[in-house]
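# Survey of secondary and tertiary structure
Single-letter residue listing:
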Amino acid sequence: MVKLSSELMSLFKITNDDVSIYLENNAGFYGLHESRISSLLLSQLTDAIKNRKFSSFVVTDLMQAIDGVNHRHAAENRFKHPPLQGFYKSHFITPAFIMKNLINEWGLNFENSKKFDTLCKKIIAEEAINPSKHGWQDRFAHEFVIEGYKNRANKNNLTGEWLIYSKYKGMNIFLCLASHSSTTQDDFIIYEMMTHFCAKEFPFLFNT
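In this report, we go over the structure that sits alongside the text. As the structure is a computational prediction, the values presented were derived from the model and not from experiment.

Taken as a whole, the largest pocket spans an internal volume of roughly 280 Å³. In terms of lining, the largest pocket is formed by 15 residues, of which the most central are Q44, E161, L177, A178 and S179. A class-by-class count of the residues in the lining of the largest pocket yields seven nonpolar, four polar and four charged.

Next comes the structure, spelled out in structure tokens:
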């Protein structure tokens, strides 16, 4: 029986019944034991389904692969530096990250993106020589979305999220989902979230 803290229920706007119904009716948990999944991760996955953020199967399929329940290969990487040193991460991507990847690919986080400017000039030049049947918008959409995403995938540089877990006595303990971090400060934010919500359930993972 799942029993979430009031803080988790308030944070994710879910109830214990929401989590129980999710667990009972989701084939993605086949072969996975609830005792090795943190309340935080269950809350994140229930929130994803209840509030239509992304399909949780992309995560549970990954968990099954890590546990050897299915035949999918899961790339496992261990954090090398404090504060996350010793924990494991596995990357996943959902359609929810398409726009973020396109923003990164074309440098739209910057006020002046040379790459995006070059794309626009290319569209103008190609339209002048060979106008698109459906207008320049059609050509732009294809180059910006399809080619942009393909280029990023070919460079193995797609942005997504991590499933973070640990290994203990031959078992995988699944802890949380977290956005990719690029700084030590980001790592500390992830670690603080894990210790705050997971240390009581799995104290043996956080003893130093």
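Relative to the elements of secondary structure, T60 occurs in helix α4 (residues 57-67). There is a polar contact of 3.4 Å between the side chain of T60 and the backbone oxygen of F57. Not counting chain neighbours up to four residues away, the residues in contact with T60 comprise Y22, N26, G28, F29, L32 and L45.

In spatial order, the strands read β1-β2-β3-β4; together these four strands make up an open sheet with antiparallel pairing. Looking at which strands have only one partner, the edges of the open sheet turn out to be β1 (77-78) and β4 (171-179). Both strand β2 (residues 88-92) and strand β3 (residues 161-168) contribute to a ladder of five bridges, which runs antiparallel. Residue pairing across strands places S90 opposite L163, the latter belonging to β3. On the sheet, helix α3 (residues 39-50) packs against β3 and β4 and is oriented at approximately 50° with respect to β4.

Conventions we followed
Residues numbered from 1 in each chain as written. Predicted model: local features only at pLDDT ≥ 70, side-chain atom pairs only at ≥ 80, totals over all residues. Heavy atoms only, no water. 1 Å grid on protein atoms, 1.4 Å probe; cavity = no way out; pocket = protein on both sides within 12 Å on 5 of 7 lines; lining within 4 Å. Points joined across faces, edges and corners; volume = space filled by probe spheres on them. Nonpolar A, V, L, I, M, F, W, Y, C, P; charged D, E, K, R; others polar. Helix = DSSP H or I, 4+ residues; strand = E, 2+ residues; numbered from the N terminus. Polar contact = N/O pair within 3.5 Å; in protein donor to acceptor, adjacent residues only side chain to side chain. Contact = heavy atoms within 4.5 Å. Pairing = 2+ DSSP bridges. Axes fitted to C-alpha atoms, helices over the stretch in contact; angles between N-to-C directions.

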